[in-house]
Number of protein chains: 2
Amino acid sequence: MANIIEVAKRAGVSPTTVSRVLNNSSHSVNSETRERVLEAVKTLNFVPNPLAKGLLGVETHLIGVIVGDASDPYYANIVKGISETAQNEGYLTIICNTDRIPEIELRFLNALLHYAADGIVFASGGLNLPEHQDQVQEIVNSFKKRHVPVVALGNRNLNVPQVSIDDVQAAQVSIDDVQAAQDMTEYLIGLGHRRIGFILGPSTMITSQRRLEGYQQALEKNQIAFDPSLVFNGDFTFESGLQAASHFVDRQPPVTAVFASNDREAMGCLFGLKQKGIAVPEQMSIAGFDDIEMLQYVNPPLTTVCVPMHEIGVRGIMQILKAKNSKDVIVENIRLPHSLVIRESTQPPPNQGGQ
Amino acid sequence: MANIIEVAKRAGVSPTTVSRVLNNSSHSVNSETRERVLEAVKTLNFVPNPLAKGLLGVETHLIGVIVGDASDPYYANIVKGISETAQNEGYLTIICNTDRIPEIELRFLNALLHYAADGIVFASGGLNLPEHQDQVQEIVNSFKKRHVPVVALGNRNLNVPQVSIDDVQAAQVSIDDVQAAQDMTEYLIGLGHRRIGFILGPSTMITSQRRLEGYQQALEKNQIAFDPSLVFNGDFTFESGLQAASHFVDRQPPVTAVFASNDREAMGCLFGLKQKGIAVPEQMSIAGFDDIEMLQYVNPPLTTVCVPMHEIGVRGIMQILKAKNSKDVIVENIRLPHSLVIRESTQPPPNQGGQ
DNA sequence: ATGAAAGCGCTAACAT
DNA sequence: ATGTTAGCGCTTTCAT
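An account of the accompanying structure is given in this report. Only a predicted model underlies this, so the values are computations on that prediction, with no experimental measurement involved.

Our next topic: the overall build of chain A. When helices and strands are counted, chain A shows 12 helices and 12 strands. Across its three principal axes, chain A shows a C-alpha extent of roughly 90 × 45 × 30 Å. Burial status across chain A gives 57% buried among its 355 residues. When the accessible surface of chain A is totalled, it reaches about 14,700 Å², and 49% of it is carbon and sulfur. One finds the centroid of the 29 positive side-chain charges in chain A at a distance of 6 Å from the centroid of its 38 negative side-chain charges.

The structure is reproduced here in structure tokens:
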């Protein structure tokens, strides 16, 4: 691999000149010289070593994306929005899959810090682990000191108000989870449901709590007593939805609808119910959350909350770019609109009036 | 961020000593000194700069994974196998999503080259573009020169025999696509189908051609004439499957089964058929390829070829690790076994005997 | 308009 | 057992 010195020699100039040509430096360089340099670059197939650049604190045009599980369609969509947009702007995004393991997240963050990433996107919802959070906070601080923009997608606990003036803040892009969960719950209540099961997300995630909150608020608003036995502790997986189905079936008084915190849980519940011979939506309604693509293709197509995942990714990366350009620390909180997607998995309860 | 010099000062030693302690160098260092260094490292929260290390050609414990579309469940599963295994071995994998754009792939490859990745995994099937292939080949050569192991998953055209002694070779891990496609086609033929539609994958991918080959061989073996009008040019997307459905419906003589090159096409076809009121499998059978998880949950559950995606990822990364340890260039071709998963989307044609 | 030299953080070769 | 020095490839002063 050629280095800048070889290029310089071949062009009969100094490395400095090569550097100037390649970085469109403000220093003017003779157009003839420039030609020779460019030619040498081409023939030697020279690509500047970003490692060396990074060591000097120069832009790397690399953006790190931290994600818990990139194979989860939810994140996959967000990540797609991120990479597409970044690419259009000339940035390369490297996806760091933490498998939701705090230690791995930290390792990646450290790597990105040292590799002089030009920006960091937390695509995963935050892990709600105080000690870990502190460590992340610290690294984010380091980024901040280097003026590397950080943005958190979904509801990540990065910009909790702190006392210190060194307060770490990150721009956020998310939907209003509480409101969205409330909307869906109210829709179900409006349909006539009174006994509505809720499948919770993993307790370590902030989003889970928010969605539960919305569910509770809707009940309260409609004077329906909150029954803790109707909340099943899921973990955003298909399997937990399957288990939830067992939990909700044959309850007395009967549960007539289930609201899952994400679509995979909803799908699991749907299949669990089917296995038990419960007709959806005739005997029980099911609603999900996120609106991943495949929901349309199951039978019946699932009602869900549409989260603009792709858009979240796009706006996230735009925040990074904006921050880079303005050279300011931007701490903007963007709330994107959500909507209900009513499909065939929800209808009024079997015997109108409930109970 | 602390650097090695600060640590050295604080411990009252030279940077070299710090380096030796941190890298478990064979150089012996006084256990007392070691303690002091370790303490300084801890208090200063020192993490060695991998950029600087990389510049010196030292191991980075970073492995680059090149993938066309990480949100595709097929790749997602492979990538998962890769990251899990790599993590257990102390390696960090960075996912480079090319969106199947050759230029992006090249950019990533260059970045990885310079960032001194310790290994490269091509998780995508190869792009069959000669000029691009040459450029990739060249970069792979550079990796080889640096003794950075490269492995290609699926059927990537990286180790085409070449004349030069500098012959670029990469280990491969894949299934036998030709045989697998042949197996499925023969299964359909065995069921009594004679007019079997085939949905092709994108023409730029080698895997597509292989699977078509298998389909053709099965026909030939069973003395069924190959009818080009029964091959629909898909591109591995749901939409192309949808279009294929329109293509195959109402043909004379009727098509009684469709074999899609991947599961998403199969799903698209299934839904297209449903929309047109064609019963699956009663009027038409459908078979897919890959065995992505969601196939089980559609109605009817789809028959498909099971590709051990996770295992492919695991074995791929193991090749990398093996090559690193043996310090040899390993060019092993691993063929993993496939199998047919018979579900409910296939059955004998409506009027036995066909035609 | 161009170049020489210093230095980013680290490690390996070479002292001591 | 420990330290000194040089240098990885690049950019950035500071000359010329």
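The next thing to look at is the protein's contact with DNA strand C. Taken together, 25 residues surround DNA strand C, and among them Ser28, Asn30, Thr33 and Leu56 of chain A together with Ile4 of chain B come closest. In DNA strand C, atoms within 4 Å of the protein come from the sugar-phosphate backbone in 62% of cases. One nitrogen or oxygen atom from the side chain of Thr17 of chain A is found 2.7 Å from a phosphate oxygen belonging to DNA strand C. At 3.2 Å, a side-chain N or O of Thr16 of chain B approaches a base nitrogen of DNA strand C. Broken down by secondary-structure element, the contributors of at least two residues to the surface near DNA strand C are helix 2 (15-22) of chain A together with helix 2 (15-22) and helix 4 (50-55) of chain B. It is helix 2 of chain A that provides the largest number of residues to the surface near DNA strand C, a total of three residues. Among the residues forming the surface near DNA strand C, the class breakdown is 10 nonpolar, 13 polar and two charged.

The next subject is the relation of the copies chain B and chain A. Once chain B is rotated about the relating axis by 180° and shifted along it by 0.1 Å, it coincides with chain A to within an RMSD of 0.2 Å. What the rotation and shift describe, once combined, is the action of a two-fold rotation axis. By residue overlap, the copies meet face to face through one surface: 100% of the interface positions of chain B are interface positions in chain A.

This next bit is on the packing of helix 5 (residues 73-88) of chain A against helix 12 (residues 309-326) of chain A. All names here are of chain A. Between helix 5 and helix 12, whose axes approach to 7 Å, the crossing angle comes to 40°. When the axes of helix 5 and helix 12 are compared, the pair comes out oblique. The element helix 5 and its partner helix 12 pack so that their crossing is right-handed. Counting all contacts with helix 5, which are made through Tyr74, Asn77, Ile78, Lys80, Gly81, Ile82, Glu84, Thr85 and Ala86, the residues of helix 12 involved are Met309, His310, Ile312, Gly313, Val314, Ile317 and Met318. Grouping the amino acids of the contact of helix 5 with helix 12 by side-chain chemistry returns nine nonpolar, five polar and two charged.

The next thing to look at is the interface of chain B and chain A. Residue-level contacts link 46 residues of chain B with 46 residues of chain A. Buried surface at the junction of chain B and chain A, summed over both partners, amounts to about 4,300 Å²; 64% is from carbon and sulfur atoms. Three residues stand out in chain B for area buried against chain A, namely His114, Tyr115 and Tyr297 of chain B, and they jointly supply 17% of the buried area on that side. Asp69 of chain B is the salt-bridge partner of Lys80 of chain A, the closest N and O atoms lying 3.4 Å from each other. Counting the contacts that link chain B with chain A gives eight residue pairs in polar contact (both at pLDDT 80 or more). Breaking the side of chain B that touches chain A down by element, the ones donating at least two residues are helix 4, helix 5 (73-88), strand 2 (92-97), helix 6 (102-114) and helix 11 (263-275) of chain B. The biggest single contributor to the side of chain B that touches chain A is helix 6 of chain B, with seven residues. Looking at the side of chain B that touches chain A residue by residue, the classes come out as 27 nonpolar, 12 polar and seven charged. Here strand 2 (residues 92-97) of chain A pairs with strand 2 of chain B via three bridges, running antiparallel.

The next point concerns the protein's contact with DNA strand D. Near DNA strand D there are 25 residues, and of these Ile4 of chain A together with Thr16, Ser28, Asn30 and Thr33 of chain B occur at the shortest range. Sugar plus phosphate: this is where 64% of the atoms of DNA strand D within 4 Å of the protein reside. Asn23 of chain A places a side-chain nitrogen or oxygen 3.0 Å from a phosphate oxygen of DNA strand D. Those elements giving two or more residues to the surface near DNA strand D turn out to be helix 2 and helix 4 (50-55) of chain A together with helix 2 of chain B. If one sorts the elements of the surface near DNA strand D by residue count, helix 2 of chain B sits on top with three residues.

One open sheet holds the 12 strands; their spatial order is 11(A)-5(A)-4(A)-3(A)-1(A)-2(A)-2(B)-1(B)-3(B)-4(B)-5(B)-11(B), and the pairing between them is mixed. Of all the strands in the sheet, the pair left with one neighbour each is strand 11 (333-336) of chain A together with strand 11 (333-336) of chain B. Each adjacent strand pair in this sheet contributes to an overall mean axis angle of 20°, direction not counted. Across six bridges, strand 1 (residues 62-67) of chain B lies against strand 2 of chain B in parallel orientation. By the bridge assignment for strand 2 of chain B, Val65 of chain B is matched with Ile95 of chain B. This element, helix 12 (residues 309-326) of chain B, spans strand 1, strand 3 (119-122), strand 4 (150-153), strand 5 (171-175) and strand 11 of chain B of the sheet and lies at about 165° to strand 4 of chain B.

Before going further, it helps to examine the sheet that holds strand 6 (residues 196-200) of chain A. Residue and element names in this part refer to chain A. In space, the four strands of this open sheet follow the order 7-6-8-9, with parallel pairing throughout. Where the open sheet ends on each side, the last strands, each with one partner, are strand 7 (231-233) and strand 9 (285-287). Adjacent strand axes in the sheet meet at a mean angle of 20°, parallel and antiparallel pairs treated alike. For strand 8 (residues 257-260) and strand 9, the ladder comprises three bridges, and the chain directions are parallel. Along strand 9, the bridge assignment pairs Ala257 with Ser285. The sheet contacts of helix 8 (residues 177-191) involve strand 6, strand 8 and strand 9, and relative to strand 8 the element is tilted by about 170°. The strands touched by helix 9 (residues 206-221) within the sheet are strand 6, strand 7 and strand 8, with strand 6 carrying the most contacts at an inclination of about 170°.

What counts and what doesn't
- Residues numbered from 1 in each chain as written.
- Chains lettered and ligands numbered in written order.
- Predicted model: local features only at pLDDT ≥ 70, side-chain atom pairs only at ≥ 80, totals over all residues.
- Heavy atoms only, no water.
- Helix = DSSP H or I, 4+ residues; strand = E, 2+ residues; numbered from the N terminus.
- Buried < 20%, exposed > 50% of the residue type's maximum accessible area, 1.4 Å probe, protein only.
- Areas by Shrake-Rupley, 256 points an atom, 1.4 Å probe, with all protein chains shown as cover.
- Lys, Arg positive; Asp, Glu negative; His and termini not counted.
- Charge placed at Lys NZ, Arg CZ, Asp CG, Glu CD.
- Near = heavy atom within 4 Å.
- Polar contact = N/O pair within 3.5 Å; in protein donor to acceptor, adjacent residues only side chain to side chain.
- Nonpolar A, V, L, I, M, F, W, Y, C, P; charged D, E, K, R; others polar.
- Least-squares fit on C-alpha atoms with pLDDT ≥ 70 in both.
- Contact = heavy atoms within 4.5 Å.
- Axes fitted to C-alpha atoms, helices over the stretch in contact; angles between N-to-C directions.
- Parallel < 35°, antiparallel > 145°, perpendicular 65-115°, else oblique.
- Left-handed = near helix turned anticlockwise from the far one by under 90°.
- Buried area = accessible area lost by both parts, 1.4 Å probe.
- Salt bridge = Lys/Arg side-chain N within 4 Å of Asp/Glu carboxyl O.
- Pairing = 2+ DSSP bridges.

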